[in-house]
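Letter by letter, the chains look like this.
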Amino acid sequence: MSVLPLVFTSGWASGINAYAVVLLFGVFGATGLTDEVPESLQRTDVLVTAGVLFLFEAVADKIPYVDSAWDAAHTVIRPVAGAVVAALLAGESGSLPELAAGAVGGSTALLSHLVKAGTRMAVNTSPEPFSTIGVSVAEDLGVAGIITFAVFNPVAAALVAGALLLLGLVTLVFLASRIRRFLRRRAQRREERDLAGAGRHWPHE
């Protein structure tokens, strides 16, 4: 069960930024900083792809409303990535069944993704873009820090990730009203666009 803390932490981080997790683990494995990373994550094509997608996410994640659209598109991608990375880590160590590891990583990634997406909806109720940029930078640094920490001290990193996940879920409850406001605003904009489109196509007398 020694790999379980690393699996849990990688799942939490994948729910925030799955591409950064793959990239960091791949780099750490390729440079010999850890032998827990499977060779499949160290391949050049995997590192290049993860790097390119990370750059796309780094930009999209800092633009208000675009970040929420990006989160919606990754509702499936992040949990799946968390499950795959967890299964690969477990398979490399041989200390935890891959199916169980995938379930832990995937479910943890889903929870942290929901926290991230909900928090971003609440932040996007603010009229200025700096809140979104600040939260995004904090998330990027948090993922980089926790994955690096997990490589050298997986148990302590898992405790930190668990605390952050719990704190995020509690915060999400308190932000529920702002999230509902964001969803109402988005629905109103969609309705206005639909009415404008219908007006353009409405036959004139």
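Each remark here, short or long, concerns the structure printed above.
Residues numbered from 1 in each chain as written. Predicted model: local features only at pLDDT ≥ 70, side-chain atom pairs only at ≥ 80, totals over all residues. Heavy atoms only, no water.

Caption draft 1: Fine view of the overall build of the protein. Within the protein, the regular secondary structure consists of eight helices and zero strands. Mapped from its N terminus to its C terminus, the protein presents α and β elements in the order α-α-α-α-α-α-α-α. Counting every position in the protein, which comprises 205 residues, the buried fraction comes to 42%. The long-range share in the protein, meaning contacts at least 24 apart out of those at least 6 apart in sequence, stands at 75%. If you sum the accessible surface of the protein, you get close to 10600 Å²; carbon and sulfur atoms cover 71% of it. (Helix = DSSP H or I, 4+ residues; strand = E, 2+ residues; numbered from the N terminus. Buried < 20%, exposed > 50% of the residue type's maximum accessible area, 1.4 Å probe, protein only. Contact = heavy atoms within 4.5 Å. Areas by Shrake-Rupley, 256 points an atom, 1.4 Å probe, with all protein chains shown as cover.)

Caption draft 2: A look at the packing of helix α6 (residues 130-152) against helix α7 (residues 154-174). Two elements in contact, α6 and α7, have axes whose closest approach is 6 Å; the angle formed by their N-to-C orientations is 145°. Along the contact surface, α6 presents Ile146, Phe149, Ala150 and Phe152, while α7 presents Pro154, Ala156, Ala157, Val160 and Ala161. (Axes fitted to C-alpha atoms, helices over the stretch in contact; angles between N-to-C directions.)

Caption draft 3: Quick peek at the packing of helix α5 (residues 98-123) against α7. Put simply, α5 and α7 touch, their axes get as near as 9 Å, and they point 40° apart. Between α5 and α7, the crossing angle belongs to the class labelled oblique. For the pair α5 and α7, the sense of crossing is left-handed. Residue-level contacts link Thr108, Leu111, Ser112, Leu114, Val115, Gly118 and Thr119 of α5 to Leu165, Gly168, Leu169 and Leu172 of α7. Its residues placed into classes, the contact of α5 with α7 shows six nonpolar, five polar and no charged. (Parallel < 35°, antiparallel > 145°, perpendicular 65-115°, else oblique. Left-handed = near helix turned anticlockwise from the far one by under 90°. Nonpolar A, V, L, I, M, F, W, Y, C, P; charged D, E, K, R; others polar.)

These figures capture arrangement, not role.
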